[in-house]
Amino acid sequence: MQKNYGFIGRRELLKILGIGGLATIAASLEIPNAAADSHTPSSTPLETPDAALARLMAGNQRFVSGQTQHPQQSINRVHELTQSQSPFAIVLGCADSRVPGEVVFDQGLGNIFDVRVAGNMVTPEVLGSIEYAVVYLKTPLLVVLGHERCGAVSAAVQGGEFVGSISSLVKAIAPAVARVKGRPGNMIENVVVANVQYQVEKLQQSSTVIQEAVREGKLKIVGGRYDLDEGTVTLV
């Protein structure tokens, strides 16, 4: 299979990889014009987790700067994906209507394997969904994406009684609340970040499938925080 490193060469990629160089990576990426979407075959999946992360963050920079390309969203793309899919990123995000992965990362059909649940938390069903993408789709990147002013986090911080099954959300986020108790700053904001980090740890500890993929360099797991005011995604 022909290797594809996100439209930049291996040497250039190695020079600019790392969280501190994400801005440089984004600036270095050459993103195809969205208008060409209907005339070109679907791109091959990125083979390196770091290249996948660079591609995702470059899309967020386009979104924030108002230069979105809405790539691979044509009817031709729909037809290309009828028999298979090769998403380059898994995004475990919150069910919040303001944080759709394809929009905030400026991606198209077949690019992101979406798993969304209030509080972006790891449940057995969520874990199974993610393992499917890792094992069968060979997706190289997993992002746990929390966001500012998360309602599920706010409920966990406030505590109390809730109707229906909402209390299950509070229970799942409780360990993150305990981690930052007494820490200075905004409690809800602190828990948003702590919950992302806690869920990343759960993914790493709860699945031998994920552990093996990470150990072999086939998968990278990162946490991110989405800013509702600015539209930016920051790694945490």
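Keep in mind it's a predicted model, so treat the numbers as computed, not measured.

Enquirer: Explain unusual backbone geometry to me, using residue names and the numbers behind them.
Expert: In this structure, His70 takes a positive phi of about 45° despite not being glycine. Here His70 shows up in the loop between α3 (49–65) and α4 (75–80). One non-glycine residue, Gln72, lies in positive phi territory at about 50°. Relative to the assigned elements, Gln72 resides in the loop between α3 and α4. Residue Gln72 is classed as buried on the basis of its relative accessible area of 13%.

Enquirer: Describe in detail the pattern of salt bridges, supporting the description with residues and values.
Expert: A full pass over the atoms with the stated rule returns eleven salt bridges. A salt bridge links Glu201 to Arg179; the nearest nitrogen and oxygen atoms lie 2.5 Å apart. Of this pair, Glu201 sits in helix α9 (residues 187–206) while Arg179 sits in helix α8 (residues 166–179), and the two are 22 residues apart along the sequence. When its relative accessible area of 38% is taken as the criterion, Arg179 is described as partly exposed. Each member of the salt-bridge network shares a partner with another, and the members are Glu148, Arg149, Glu189, Arg225, Asp227 and Asp229.

Enquirer: Which residues make up the pairing of strand β3 (residues 141–147), and what are the values?
Expert: A large share of β3 lies buried, amounting to seven of its seven residues. The side-chain alternation of β3 yields two buried faces, one formed by Leu141, Val143, Leu145 and His147 and the other by Leu142, Val144 and Gly146. As defined by bridge partners, β3 adjoins strand β4 (residues 220–226) across seven bridges and the pair is classed as parallel. Residue pairing in the sheet places Val143 in a bridge with Val222 of β4.

Enquirer: Give me the sheet that holds strand β1 (residues 89–93): which residues, what numbers.
Expert: The five strands are arranged β2-β1-β3-β4-β5 in an open sheet whose pairing can be described as mixed. Looking at the sheet topology across the chains shown, the edges are occupied by β2 (112–116) and β5 (233–235). Looking at each pair of strands side by side, their axes are set apart by 30° on average, direction ignored. Taken together, the five bridges between β1 and β2 define a ladder with parallel strand orientation. The residue of β2 that forms the bridge with Gly93 is Arg116. Strands β1, β2 and β3 of the sheet are contacted by helix α6 (residues 124–136), whose axis makes an angle of about 170° with β2. Relative to the sheet, α9 contacts β1, β3 and β4, its axis offset from that of β4 by approximately 165°.

Enquirer: Got a sec to walk through a nonpolar patch on the surface? Specific residues and values, please.
Expert: Where nonpolar side chains cluster on the molecular surface, the patch consists of Ile75, Val78 and Leu109 and spans about 240 Å² of accessible area. Following the sequence through the fold, Leu109 ends up in the loop between α5 (101–104) and β2. Among the residues examined, Leu109 registers a relative accessible area of 38% and is labelled partly exposed.

Thresholds, definitions, all that
- Residues numbered from 1 in each chain as written.
- Predicted model: local features only at pLDDT ≥ 70, side-chain atom pairs only at ≥ 80, totals over all residues.
- Heavy atoms only, no water.
- Helix = DSSP H or I, 4+ residues; strand = E, 2+ residues; numbered from the N terminus.
- Buried < 20%, exposed > 50% of the residue type's maximum accessible area, 1.4 Å probe, protein only.
- Salt bridge = Lys/Arg side-chain N within 4 Å of Asp/Glu carboxyl O.
- Pairing = 2+ DSSP bridges.
- Axes fitted to C-alpha atoms, helices over the stretch in contact; angles between N-to-C directions.
- Contact = heavy atoms within 4.5 Å.
- Patch = residues over 30% accessible without salt bridge, like charges linked within 9 Å, V, L, I, M, F, W, Y side chains within 5 Å.
- Areas by Shrake-Rupley, 256 points an atom, 1.4 Å probe, with all protein chains shown as cover.

Taken by themselves, the reported measurements are silent on function.
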